[in-house]
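Next come the chains, spelled out residue by residue.
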Amino acid sequence: LVCAILVLIYSLDPPTGKYDGKDGDRIDGIRAGSCFLAGAILSALAGWAGMSVATDANVRTTQAADKQGLSVALRVAFTGGAVMGFTVVGLGLLGVSLFFYLMTINRDTVTLDDGWTNTGTLVAAVDSLASFGFGASAIALFARVAGGIYTKAADVGADLVGKVEMDIPEDDPRNPAVIADNVGDNVGDVAGMGADLFESFVGSIIAAATLADGDAVKIALPFWIAGAGIVASVFGFFAVGTKDGASQRQLLFALHKGVILSSILVLGFSAVIVSQLFGHDDKEGWKLFACIAIGLIAGILIGQATEYYTSYSFWPVQSITQAGITGPATVIIQGLGIGMVSCVGPVLIIVATILGCNALSGQYGISMAAVGMLSTLGVTLATDAYGPIADNAGGIAEMAELEERVRDTTDALDALGNTTAATGKGFAIGSAVLTSLSLLAAFKDKAGLTIVDIGDPVVLSGALFGAMLPFLFAALTMLSVQKAAGAIIIEVRRQFAQIEGLREGTAEADSDKCVAISTQSSVEEMILPGVYAVLSPLITGLLIGPKCLTGMLGGSIASGMMLAIMMANAGGAWDNSKKYIEIEGACGGKGTTTHKACVVGDTVGDPFKDTSGPALNILIKLMSMISLTIAPIIRGWEDWQYWYWGLLPIGLCFIATLLVWHFYWRNTQDITAPIDDDVVKAPAGTEGEKLLGAAPAPDAVKVVD
C-alpha cells in the first residue's frame, strides 16, 4: 500500500526538475516505489537470516557450555551474533550501493535541474534513495515494536506467575510461557535490533550523500568508509576470545578487543581513503577524517558510559541491589534515579561530537561522524546479538535439566549479554540521534529552508508537539506490554489450575497457546504506535508547512534521546541487579526478600529496556526519513498554504484510533478474576499464596473442582 502511494505521488508530482521550470520525470514514481520495496525486503531478509542462525546458535551454545566450557561457549554465541552483524552491514551496503547506481540510469536530460551533467544525475539519484531508507524504517518499526511487545509480554507473564506466584525457577519447562519468552528473545533482540541498526546504517549513508550536494567525491566517501568498516570488523571478529573461569570484567574485555581492533583498523583505512579521494594536502579531506574519528570514538565512549551504569561490576547496579534490602519500592526508585543520571554522559558526548564536527566541516561533517560511528557495526552488532543467544542457551539448559555447572556457565554468559545488550542499545541510541540530525539537515536542504528561527511560534509549536511524541509512543508500547502480559498471565494461571500434574512435572504445558497470544497481541498492539509515527510528520508538514515540521523533528530528537537512554539504562540496571544476586550471591543470594524485590524491578525494567526505549530510536529515524521523502513535495510551501491536504492524514489517524479502540482496547481482561471455578494453588509462604491460596500439601498441587 505504501509503495503504491509513493508510486502514485511521485508519478503525478515528480520532484526531478520540478523547481527548474521543467515538467519533471514521470519515472520518479517507479524509482521511489522500487527503492522502498528494496529497503523493506533487505531489512526483513537481514532480520530473518540473523534470527534463523541465532535459533541454531542457542542449542550449540548450550552444548558447548556442557561439553567444552566457558571459552568455547562464548565463541559459539558470539559467532552466532556475528552472522546478524555481517548480514546487516553486507545487505545494507549492497542494497544502497546497487540502487544508487540503478537510480543514475536513464535520466532524462530535459528534466534534470542543470541539464545532462554528472552533478545533476548524482543529485537526482541520491534523492531517490530516501525511499530506500523509508522502506528500511517501515520494517524496523514492525520488527522493533511488534518484536518488543511479543518478547516482553511473554517475559513479564512468565516471571510474574512462574517466579513470583508459583515460586518455580526461571525457564522452568513447567511454565507454559517459557517457550514464548525464549522465542521472543530472538524476535525482539536479534531481528528487532538488526532492523533498527540496518535503518541507521543505510540512513547515515543516505544522509551524508544527500548533504554532499552532488559532489562526487563527497558522495563516494560514506560508501567507502562503510565498506572499510566491514573489512575491519572481520579482523575484529577473530580477536574475540577468553579463558575458562573468566570473571565478568575479563569477559567484557574479551568482547571489547574485537571492537577496539576494528576501530583502530577503520581509522587506518579511513586515512588511506581520504588521501586517495581528496589528495594528501587537501585540508577539507583531513577535516572529514577528523569527523569520522570523532564519530568512531563517540560510539565507543557511549558504549563505555552505558556499560558503567548497567554492569553489576560497578556501583550503580550494586546500589540498586542494596536498595532491595528495604523492598521493591526502593528498587524502583533507585533504578529510576540511575536511569535519569545515566543520560548525562551520552548527552555530553553527542553534544561534543556535534559541535566539533560542525566546526570542522558543517552539517556534512556531522553526517560523516554518524557514518564513522556505524562503520564497525559488523562487530558491534555481533556483541549485542550475542546477548539473546546466551540468554536462550541458559533457558535450554534449564529446560533440558542439565547439571548445575552448565547453568552456572550460561548464567555468566547471560549476565555479560545483559551488559552488552545495554551497551548495544546505548550505541543504537547515539547512532540514531546522529543519523536523525543528519536526515534533519538533509530535509532542510531539500525543503528549501535556510534559516529556522526557534523563536518563531510556528517552529516552537512544532518543537513542543515533537517533544511530546516520544512520550506518547513510549506510553502506548508500555500499555501494550501490560495488556498483552495480562493475557499471558491469565493463560498461565489457567493451565496451572486445569492441567493436573503440571506443577509436579508429570504433565506437559501447552506452550503453543502462549506463543499464539504473544503473536496476536504484538501485531494488534503495534498498529496505533505505527500509525502515529507514520502520520505525525505528514500531518505537520502538509497541514502547517516545512518550518513547523523542522521544529517537530528537532523536538522529537531531543526528548526521544533522553527518554530512550533513561529507559534502556534503567531497565538494564534493574536486570543486572537481579543477576548480581543470582551469580555473585550478593545480599544473601537467591530466594531472599532482597532477591524477590530485585525480581520485581527486573520485571518493571523489561518493557523499559526491550520495548519502549529501543522503539524510540525507530520513531525519530522513521519520522526524519518520511520528512526527507516528502521534502520535494512541500518545498517552498508557506505556513498553512495548502492546509487542506493535512486533513487527509488527520482523518486517517482519527479512523485508525477509533478502529483500534473498538476492536482491541474496548474490552479489557480482569487479571485478578478467578478462572471459572478452579483455583490455582501456590506453595505456602510465596506471593502466589496471597493471590491464589496455599497448596493443600507441601509436595503436591491438586486441581480443586
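Computed from a prediction, not measured in an experiment: that's the story for all the values here.

Reading the values: rules and limits
Residues numbered from 1 in each chain as written. Predicted model: local features only at pLDDT ≥ 70, side-chain atom pairs only at ≥ 80, totals over all residues. Heavy atoms only, no water. Helix = DSSP H or I, 4+ residues; strand = E, 2+ residues; numbered from the N terminus. Salt bridge = Lys/Arg side-chain N within 4 Å of Asp/Glu carboxyl O. Buried < 20%, exposed > 50% of the residue type's maximum accessible area, 1.4 Å probe, protein only. Contact = heavy atoms within 4.5 Å. Axes fitted to C-alpha atoms, helices over the stretch in contact; angles between N-to-C directions. Parallel < 35°, antiparallel > 145°, perpendicular 65-115°, else oblique. Left-handed = near helix turned anticlockwise from the far one by under 90°. Nonpolar A, V, L, I, M, F, W, Y, C, P; charged D, E, K, R; others polar.

**A short note on the environment of Leu 652**
If you trace the backbone, Leu 652 turns up in helix α19 (residues 647-665). The sequence separation of Leu 652 and Leu 535 amounts to 117 residues, and the corresponding C-alpha distance is 8.3 Å.

**As for the pattern of salt bridges**
Two side chains with opposite charge may pair up if their charged atoms get near one another. Applying the stated criterion to the full structure yields 20 salt bridges. As a salt-bridge pair, Lys 152 and Asp 606 come within 3.7 Å of each other at their nearest N and O atoms. Residue Lys 152 is found in helix α4 (residues 118-165), and its partner Asp 606 is found in helix α18 (residues 593-634); the two are separated by 454 residues along the sequence. What makes Lys 152 buried here is its relative accessible area of 2%. With a closest N to O distance of 3.0 Å, Asp 610 and Lys 152 form a salt bridge. With a gap of 458 residues between them, Asp 610 in helix α18 and Lys 152 in helix α4 connect regions that are remote in the sequence. By sharing partners, the salt bridges in this structure join Lys 152, Asp 155, Asp 575, Asp 606, Lys 609 and Asp 610 into a single network.

**Remarks on helix α9 (residues 315-323)**
Taken together, the buried positions of α9 are occupied by Pro 316, Val 317, Ser 319, Ile 320, Thr 321 and Ala 323. Here the buried face of α9 lies against α8 (283-310), α10 (328-341), α17 (546-584) and α18.

**Examining unusual backbone geometry**
Phi at Trp 640 is positive, roughly 65°, even though this residue is not glycine. For Trp 640, the position within the fold is in the loop between α18 and α19. Given the relative accessible area of 47%, Trp 640 is considered partly exposed.

**Regarding the packing of α9 against α10**
Two numbers describe how α9 lies on α10: the axes approach to 8 Å, and their chain directions differ by 160°. Overall, the two elements α9 and α10 adopt an arrangement that is roughly antiparallel. Read as a crossing pair, α9 and α10 show a hand that is right-handed. For the pair α9 and α10, the contacting residues are Trp 315, Pro 316, Ser 319, Ile 320 and Ala 323 in the first and Thr 330, Val 331, Gln 334, Gly 335 and Ile 338 in the second. Residue composition of the contact of α9 with α10, by class: six nonpolar, four polar and no charged.

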